[in-house]
Amino acid sequence: IWQRQTLTGCIYSMRKDLISRGVSEQITKDWLEVRKTKKLAGTLTALEAVCKEVDAAGLQLEAVLKICCEHGWGGFRAAWLQNLQPQKSSDPVWER
């Protein structure tokens, strides 16, 4: 369902790309569902933009996508984390 035909004729799968980047099946499924609900395309460009922001935040992709799922975010900006407070200081999601 999240596959797009590219100009070269190859099919892009955001699901497969996320899994190849080390994101678990469950987090992948959940985040793609959030994106689907918001009618956001599953494109390589969209994922690369998210990955750039993940790098800026200094976190792991799966940790950020988990946060996105928890807050219903179909995308991500590193600056959004400033408005969130960690639930506990030992939460590994917030470790850099």
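Computed from a predicted structure; not experimentally measured.

What counts, and at which threshold
Residues numbered from 1 in each chain as written. Predicted model: local features only at pLDDT ≥ 70, side-chain atom pairs only at ≥ 80, totals over all residues. Heavy atoms only, no water. Salt bridge = Lys/Arg side-chain N within 4 Å of Asp/Glu carboxyl O. Buried < 20%, exposed > 50% of the residue type's maximum accessible area, 1.4 Å probe, protein only. Helix = DSSP H or I, 4+ residues; strand = E, 2+ residues; numbered from the N terminus. Expected span 1.5 Å × (residues − 1). Arc of directions from axis to C-beta. Contact = heavy atoms within 4.5 Å. Axes fitted to C-alpha atoms, helices over the stretch in contact; angles between N-to-C directions. Parallel < 35°, antiparallel > 145°, perpendicular 65-115°, else oblique. Nonpolar A, V, L, I, M, F, W, Y, C, P; charged D, E, K, R; others polar.

It is worth spelling out the pattern of salt bridges at this point. Counted under the stated rule, the structure contains 3 salt bridges. The closest approach of N and O atoms between Arg 21 and Asp 17, which form a salt bridge, is 2.8 Å. With relative accessibility at 36%, the residue Arg 21 sits in the partly exposed group. Taking the shortest distance from any N to any O, the salt bridge between Lys 66 and Glu 70 comes out at 2.8 Å. Taken together, the residues span about one helical turn, with Lys 66 and Glu 70 both in helix 4 (residues 61–71) at a distance of 4 residues.

To continue, consider helix 3 (residues 44–57). Taking 1.5 Å of rise per residue, 14 residues should cover 20 Å, and helix 3 covers 20 Å from first to last C-alpha, within 8% of that figure. Listed as buried for helix 3 are Ala 46, Leu 47, Val 50, Cys 51, Glu 53, Val 54 and Ala 57. Angular distribution of buried residues about the axis of helix 3 spans 165°; they occupy a single face of the element. With respect to the buried face of helix 3, the exposed residues turned more than 90 degrees away are Thr 45, Lys 52, Asp 55 and Ala 56. Contacts made by the buried residues of helix 3 are with strand 2 (11–13), helix 1 (14–20), helix 2 (25–37) and helix 4. Taken from the residues just after helix 3, Gly 58 is the one with a positive phi, measuring 75°.

Take the packing of helix 3 against helix 4 next. Where helix 3 contacts helix 4, the axes come no closer than 10 Å and their chain directions differ by 105°. Relative to helix 4, the element helix 3 is oriented roughly perpendicular. Where helix 3 approaches helix 4, its residues Val 50, Cys 51 and Val 54 are matched on the opposing element by Leu 61, Val 64 and Leu 65. Looking at side-chain class alone, the contact of helix 3 with helix 4 contains 6 nonpolar, no polar and no charged residues.

What is shown is where atoms sit, not what they do.
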